[in-house]
Amino acid sequence: MKIYNSLTKQVEEFKPNEEGKVAMYTCGPTVYHFAHIGNLRSYIMEDVLEKTFRYAGYDVKRVMNITDVGHLSSDADTGEDKMLKGAKRENKTVMEVAKFYTDAFFSDCAKLNIKTPDVVEPATNCIDEFIHMIEVLLEKGYAYKAGENVYFDTSKLKEYYVFGNQNEEELMVGVRDDVSEDENKRNKNDFVLWFTKSKFEDQALKWDSPWGVGYPGWHIECSCISMKHLGEYMDVHCGGIDNMFPHHTNEIAQTESYTGHKWCNYWFHVHHLVEKKDGGKASKMSKSSGEFLTVSLLEEKGYDPIVYRMFCLQSHYRKPLTFSYEALDQADGTYKKLKKRISAVNAEGEVAAETVKEWHDKFVAEVGNDMNTSMGITLVYDVLKADMNGATKLAVIEDYDKVLCLNLVGGQSENTDNAGDELTEYVESMIAKRAEAKKAKDFATADAIREELLGKGIVIKDTREGTTWERA
Ligand SMILES: [Zn+2]
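Parameters and conventions
- Residues numbered from 1 in each chain as written.
- Predicted model: local features only at pLDDT ≥ 70, side-chain atom pairs only at ≥ 80, totals over all residues.
- Helix = DSSP H or I, 4+ residues; strand = E, 2+ residues; numbered from the N terminus.
- Contact = placed C-beta atoms within 7 Å.
- Expected span 1.5 Å × (residues − 1).
- Buried ≥ 20, exposed ≤ 12 C-beta atoms within 10 Å, placed from the backbone.
- Arc of directions from axis to C-beta.
- Axes fitted to C-alpha atoms, helices over the stretch in contact; angles between N-to-C directions.
- Parallel < 35°, antiparallel > 145°, perpendicular 65-115°, else oblique.
- Left-handed = near helix turned anticlockwise from the far one by under 90°.
- Nonpolar A, V, L, I, M, F, W, Y, C, P; charged D, E, K, R; others polar.
- Pairing = 2+ DSSP bridges.
- Core = buried A, V, L, I, M, F, W, Y, C linked by C-beta atoms within 7 Å.
- Domains from an automatic or database assignment.

(A) Summary view of the overall build of the protein chain. The helix and strand tally for the protein chain stands at 15 helices and 16 strands. Nonlocal contacts in the protein chain, meaning residues at least 24 apart in sequence, comprise 74% of its contacts between residues at least 6 apart.

(B) Seen up close, helix α10 (residues 325-343). The first and last C-alpha atoms of α10 sit 26 Å apart over 19 residues, in line with the 27 Å expected at 1.5 Å per residue. Among the residues of α10, A331, Y335 and I342 are the ones counted as buried. Around the axis of α10, the buried residues are gathered within 35 degrees of arc, so they sit on the same side. Along α10, exposed side chains directed more than 90 degrees from the buried face belong to Y325, E326, G333, K336, K337 and K340. Those residues of α10 that are buried lie in contact with α9 (305-313) and α13 (390-404).

(C) Examining the packing of helix α11 (residues 353-367) against helix α12 (residues 373-385) more closely. Two numbers describe how α11 lies on α12: the axes approach to 8 Å, and their chain directions differ by 155 degrees. The angle between α11 and α12 falls in the class roughly antiparallel. In the crossing of α11 with α12, the sense of the turn from one axis to the other is right-handed. Of the residues in α12, those in contact with W359, K362, F363, E366 and V367 of α11 are T373, M375, G376, L379 and V383. In terms of residue class, the contact of α11 with α12 is made up of 6 nonpolar, 2 polar and 2 charged.

(D) Up close: the sheet that holds strand β10 (residues 234-240). Overall, parallel pairing links the 5 strands, which are arranged β5-β4-β3-β10-β11 in an open sheet. With one partner strand each, in any of the chains shown, β5 (119-122) and β11 (264-270) form the two edges of the open sheet. Strand-to-strand twist across the sheet, computed as the mean angle between neighbouring axes with direction ignored, equals 20 degrees. Relative to β5, strand β4 (residues 59-66) is paired through 4 bridges, and the arrangement is parallel. Residue pairing across strands places I66 opposite P122, the latter belonging to β5.

(E) Structural detail: the nonpolar core. Ranked by internal contacts, the top residues of the largest apolar core, which has 109 residues, are Y101, I134 and L193. Take this core: its biggest share by element is 10 residues, from helix α3 (residues 94-111). Lining this core are residues from two domains, each supplying at least three of them: domain 1 (17-270) and domain 2 (274-404). Residues within four places of L193 in sequence aside, it is in contact with I134, L137, A143, V150, Y151, F152, G217 and I220.

(F) Structural context of unusual backbone geometry. In the segment running from F245 into P246, the intervening peptide bond is cis, with an omega of 0 degrees. Examined against the element boundaries, P246 turns out to sit in helix α7 (residues 244-259). Backbone geometry at N113 places phi at a positive 55 degrees, although glycine is not the residue there. Along the chain, N113 turns up in the loop between α3 and β5.

(G) Layout of α11. In this model α11 runs 21 Å from its N-terminal to its C-terminal C-alpha over 15 residues, within 8% of the 21 Å that 1.5 Å per residue would give. Among the residues of α11, those classed as buried are W359, F363 and V367. Each buried residue of α11 sits inside an arc of 60 degrees when the element is viewed along its axis, so together they form one side. Turned more than 90 degrees from where α11 packs its buried face, A353, E354, K357, E358 and D361 sit exposed.

(H) Fine view of the pairing of strand β8 (residues 191-195). Counting buried positions along β8 gives 5 out of 5 residues, so the element sits mostly inside the fold. Of the pairings in the sheet, the one linking strand β7 (residues 149-152) to β8 comprises 3 bridges and is antiparallel in character. In the sheet register, V150 faces β8, and the bridge partner there is W194.

(I) How the structure looks around the environment of E80. Here E80 is to be found in the loop between β4 and α2 (82-90). The spacing of E80 and G70 is 10 residues in sequence and 9.7 Å in space, taken between C-alpha atoms.

In structure tokens form, the structure reads like this:
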């Protein structure tokens, strides 16, 4: 297989550290709100990468963190704590918010046929590991204490900007104008490893540490969680392109200073989903820009979530992808026609195993060439046109769908993961509470519950058969 490596800026032949095995890490979501479809583009393409490795015969172990502490609204350690912001908005504890949106995230993933990674670890599970790593960084002279926080000293590194091409303007991405510079930092890009002197008096989650009661910075979690489960050498680290700086740059700085050697060989970055604004200029899609596009919103508008997966697979992950409903409609039309052509194939004859293998290898060569997913879809059309019997055609397409996961053959999604159950349980308990309130003529409470659910994108309807609900 070949893969573009952000470290070397070229497409390289993939060579794992250990023959036949791939150690893979993905930066997980910060669980303070629903994921928007721009974030989910990254998770779809990373899912395809993992499945292509497996399809090509590799034994893959994939690890993902869940950020439930320490991520401030700017990636550069300024602003408000995202989790606390979510908790305030919903009048919930931070852990309740984390649980709710973790479940919602995996429920969205299941709808998009994204496999759950082999290991999923919330940051709050690993505080001892974070503290240990920070202690070592202090001992080795890569970190310092200032203003009761602990910082990483970027001036101690020979090369900090490992991904290159950094300029002042890029460094300011995500840094809000109204946030003042942290005066404790010795160098502009030093970052917090442990917060003790918090700007946030009401910080909900705090732990004892050798430096006082506090909480970890955001970047430390990926370094620790990946090493905990994959060891000190990793093959592929993935994330969205906006994670490259400062997040991934800081992950590398910490990890390699800690271990004293190179950490990860290949960095896989998925580019942005963008939307066209009125002026015709495309800009990165985010939670705060325009319509908050979620999987549930697409469903509400009548789209099968798999169509969004198809839409993503039709373009290359290293190019920005422009979202519009017209473009999604086009993908929808293409998808329906393709499904129809496949369902019209007569499953006659016997499966020719050799032919299946031949087409399997063709797929590995094409899609395995830096994730040429649109070529993977083209191959499905080639199979339909090819000179082989119906049974073999269906066998090849079924084989391709192990990677594409577009439910091409047969009916429903194969994903039986029960991530949505927790959400269902929660909504139903709220509906029961609301029914009690209504019974007691406490309409204020009943309305408040409806509002609260609405705030989480859950719409409830009172019908003659009782109260029903759906995700908005
Ligand atoms: Zn990360």
